[in-house]
Amino acid sequence: MKQFFTGGAGTGAAGDPENGLDDMPPVLTGALRERLRRAAEDPAWGQACADAGRQWARTADERFRAATEIHPERRPLLRVGVKDNIHCRDFATGAGSPRFRAHPQWTAPVLDGVPAEYVTCKTRLTEATLGLDAGCVNPVVPGGWPGASSTGSAVAVAANICDVAVGSDSLGSVRIPSVACGVVGLRMTYDPALLDGVLPVSPSLDAVGWFARTIDDLRFALERFDVLEAARDGRPARRLALVTDVLEDSACEPGILRAYEELTETAAARGFDVVRISLGDLWKVRSAAWALCAREAYEQLTPHTAALAPLGEDVLNVLRLGERVAPEAAEELRRQQPALAQDLRARLDAEEIDALLLPVYPFALPTPESIRTWPMLFPDVHDPAVDTMAGYTPIASLLGWPALSVPTAPQAGMQLVGRPNAEGALLDIAEQLFG
């Protein structure tokens with residue numbers, strides 16, 4: 001925290017929204033690997049593409065309000081956006097606050113593999129990652145909710161303001177915006193070393209993540225930035241687990257349940273073995289994960305409210321919720337986390353299961369209008385019905401495992417949850433399953 005909260009006050013303003021991607025330069029379409037291949041063969045074409053990307057980013061950001069800052073000079077062929085709760089040299093860090101500004105002279109380790117000249121913008125987030133609205137506009141679903149927390153990163157990629165973007169994910173802050181905006185999102189394996197220079201919200205659940213328009217673009221960028229693990233085991237990933245708890249979840253809407261069952265049929269048709277498992281105790285503590293996150297957010301942010309003030313009422317409500325969570329309850333779940341992960345890994349190893357397959361969210365995503373009527377983004381963990389609101393994103397968060405979200409319908413999607421450091425294997429599976 002003392003490395004993050006340095007700097008003074010500042011303000012920002014957003015432009016007027018205007019929907020539309022129809023006038024995006026055609027030179028910016030297509031696969032990233034093809035763009036860089038062609039540019040290597042034709043430098044003049046590459047320069048024109050880079051110039052078009054810089055100009056389009058400014059045009060698109062006026063419409064979709066995804067960025068807090070766009071670098072005035074950089075025009076790389078592969079453009080990277082960084083969530084504005086992550087320190088990046090040459091950019092201010094605002095943490096979603098209308099007042100707080102830090103001006104770091106260093107860059108967070110999550111960006112170690114990214115050449116500095118590739119970073120072209122910082123992306124908006126909800127206030128302190130806990131608020132309801134980042135002020136962004138959904139580029140692919142007019143009038144649709146663009147998600148919360150890592151909103152700007154998802155919007156920036158969907159609008160082609162950048163090609164890939166970095167975000168953070170405590171309980172779905174990469175995965176939900178990605179499916180809301182029709183892009184691919186990857187929550188990485190929990191790694192405290194990668195969280196240095198990232199606004200801490202829930203140290204037990206926080207992880208960094210990445211966005212791209214396609215699975216192939218994501219793989220290309222992460223391999224180029226040396227983010228994926230260097231080696232994978234020799235056995236091809238061919239076994240997926242259908243989570244039976246989802247099938248029995250009364251909170252899961254029929255359309256999402258039907259899409260889930262149809263996807264498992266598609267998996268079988270494409271040569272995957274689909275086995276059924278129940279998550280047992282892990283399933284039962286999903287709502288407790290929200291309580292843990294609220295408690296840790298209260299502990300992390302309360303000492304720094306003066307730097308972030310004035311906080312919105314929606315953020316204050318989350319902190320008040322966290323204050324009401326007993327420290328002993330949070331500590332009990334932290335104590336359980338290693339055992340939950342060890343137990344599930346043993347079960348997956350025994351059946352040679354490569355990944356869990358489940359929906360990102362059990363409900364249709366809310367409208368921006370309905371979101372604005374909510375007192376806070378978090379479910380009330382003291383409500384007896386909280387389990388119906390817990391959702392499915394806490395599973396990977398509690399385990400500390402990677403999760404890849406893929407849009408499958410407007411504002412809906414599925415996620416693959418794999419073993420620690422198995423991001424490459426998840427991309428392999430996704431290419432076969434969704435390609």
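From a predicted model like this one, the values you see are computed outputs, not experimental measurements.

1. Looking at empty space enclosed by the protein
Considering all chains together, one arrives at one cavity of 30 Å³ or more under this definition. Of the pockets and cavities examined, the largest cavity occupies roughly 80 Å³. Forming the boundary of the largest cavity are 13 residues, of which R54, A57, R74, R79 and T120 lie nearest the centre. When residues of the lining of the largest cavity are traced back to their parent elements, those giving at least two are α2 (43-64) and β3 (119-123). Top contributing element to the lining of the largest cavity by residue count: α2, with four residues. Within the lining of the largest cavity, the residues separate by chemical class into six nonpolar, three polar and four charged.

2. Here we look at the confidence of the model for the protein chain
Looking at the protein chain as a whole, the pLDDT averages 94, with 94% of positions reaching at least 70. Counted against residues more than four places away or in other chains, residues 7-18, with its pLDDT under 50, gives 27 contacts.

3. Topic: the nonpolar core
Grouped together as the largest cluster of nonpolar side chains are 119 residues, with contacts concentrated most on V80, L356 and F378. In terms of residue count, the dominant contributor to this core is helix α9 (residues 286-301) (eight residues). Not counting the four nearest positions on each side in its chain, V80 is found in contact with V114, Y118, V119, T120, C121, C162, V164, V166 and F225.

4. Examining the packing of aromatic side chains
Under the defined criterion, the tally for this structure stands at five aromatic pairs. Pairing W290 with F378 gives two aromatic rings, centres 5.1 Å apart and planes at 75 degrees, and the pair type is edge-to-face. Of this pair, W290 sits in helix α9 while F378 sits in the loop between α13 (368-371) and α14 (394-399); the two residues are 88 residues apart in sequence, bridging distant segments of the chain. The exposure class assigned to F378 is buried, which follows from its relative accessible area of 7%. Between Y361 and F363 the ring centres are 5.3 Å apart and the planes differ by 90 degrees, which places this aromatic pair in the edge-to-face class. As far as burial versus exposure is concerned, Y361 and F363 are alike and both buried. Members of the aromatic cluster, joined through ring pairs, are Y118, W210 and F225. Above the ring of F272, the side-chain terminus of R238 is found at 4.3 Å from the ring centroid. The ring of W283 carries R286 above its face, with NZ or CZ at 3.8 Å from the centroid.

Parameters at a glance
Residues numbered from 1 in each chain as written. Predicted model: local features only at pLDDT ≥ 70, side-chain atom pairs only at ≥ 80, totals over all residues. Heavy atoms only, no water. 1 Å grid on protein atoms, 1.4 Å probe; cavity = no way out; pocket = protein on both sides within 12 Å on 5 of 7 lines; lining within 4 Å. Points joined across faces, edges and corners; volume = space filled by probe spheres on them. Helix = DSSP H or I, 4+ residues; strand = E, 2+ residues; numbered from the N terminus. Nonpolar A, V, L, I, M, F, W, Y, C, P; charged D, E, K, R; others polar. pLDDT = per-residue confidence, 0-100. Contact = heavy atoms within 4.5 Å. Core = buried A, V, L, I, M, F, W, Y, C linked by side-chain atoms within 4.5 Å. Buried < 20%, exposed > 50% of the residue type's maximum accessible area, 1.4 Å probe, protein only. Phe/Tyr/Trp six-rings, centres within 6.5 Å; stacked < 30°, edge-to-face > 60°. Lys NZ or Arg CZ within 6 Å of the ring centre and 35° of its normal.

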